[in-house]
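Single-letter residue listing:
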Amino acid sequence: PIQLHHGTSDESVPLAASQTLYDEMIAASEPVEFFSYDGDNHNLSGFFTTAMNRSITFFDQHVKGEP
């Protein structure tokens, strides 16, 4: 499983890169989550807490096997 986080104002990596990977994972029937953060940059500084909470939940589910 892959979880993607991407700021829409990221100047380091184009948003299209995450969107393409997400689309390819879906096409391959692989588990993927994609979150975009409107107006945020590569560091997700405006949505850091939200992104980290989503990441913790993802790891709890997919690494620890918690519901």
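Before reading further, recall that the structure is shown in the block above.
Residues numbered from 1 in each chain as written. Predicted model: local features only at pLDDT ≥ 70, side-chain atom pairs only at ≥ 80, totals over all residues. Heavy atoms only, no water.

Caption draft 1: Structural detail: the overall build of the protein chain. A count of helical and extended segments in the protein chain gives two helices and two strands. Helices (α) and strands (β) of the protein chain occur, in sequence order from the N terminus, as β-α-β-α. In terms of overall dimensions, the protein chain has C-alpha extents of about 35 × 30 × 15 Å along its principal axes. Here the protein chain holds 67 residues, and 21% of them are scored as buried. Considering only residue pairs separated by 6 or more positions, the protein chain has 59% of its internal contacts joining residues 24 or more positions apart. Working note: accessible area of the protein chain is about 4,500 Å², and carbon and sulfur atoms make up 54% of it. (Helix = DSSP H or I, 4+ residues; strand = E, 2+ residues; numbered from the N terminus. Buried < 20%, exposed > 50% of the residue type's maximum accessible area, 1.4 Å probe, protein only. Contact = heavy atoms within 4.5 Å. Areas by Shrake-Rupley, 256 points an atom, 1.4 Å probe, with all protein chains shown as cover.)

Caption draft 2: Here's a closer look at the side chain of glutamine 3. Note that glutamine 3 resides in strand 1 (residues 2–7). Here the side chain of glutamine 3 touches histidine 5 through a polar contact of 2.8 Å, side chain to side chain. Those residues within four positions of glutamine 3 in sequence are excluded, and the remaining contacts are Glu33, Phe35, Arg54, Ser55 and Phe58. (Polar contact = N/O pair within 3.5 Å; in protein donor to acceptor, adjacent residues only side chain to side chain.)

Caption draft 3: Structural view of unusual backbone geometry. Of note in this structure, serine 29 is not a glycine but carries a positive phi near 60 degrees. Structurally, the position occupied by serine 29 is in the loop between helix 1 (15–27) and strand 2 (32–37).

Caption draft 4: Up close: the side chain of serine 55. Mapped onto the fold, serine 55 is located in helix 2 (residues 48–62). Within the structure, serine 55 has its side chain in polar contact with the side chain of histidine 5 (distance 3.3 Å). Aside from chain neighbours lying at most four places away, what touches serine 55 is Gln3 and His5.

Caption draft 5: Representation of the packing of aromatic side chains in the model. On inspection of all chains with the given rule, the structure shows three aromatic pairs. Ring geometry for tyrosine 37 against phenylalanine 47: centres 5.3 Å apart, planes inclined by 40 degrees, an arrangement best described as tilted. Residue tyrosine 37 is found in strand 2, and its partner phenylalanine 47 is found in the loop between strand 2 and helix 2; the two are separated by ten residues along the sequence. Looking at tyrosine 37, the relative accessible area reads 3%, which means it is buried. Of the residues examined, phenylalanine 47 reaches a relative accessible area of 31% and is grouped as partly exposed. (Phe/Tyr/Trp six-rings, centres within 6.5 Å; stacked < 30°, edge-to-face > 60°.)

Caption draft 6: Summary view of the pairing of strand 1. Pairing geometry for strand 1 and strand 2, over six bridges, is parallel. The residue of strand 2 that forms the bridge with glutamine 3 is glutamate 33. (Pairing = 2+ DSSP bridges.)

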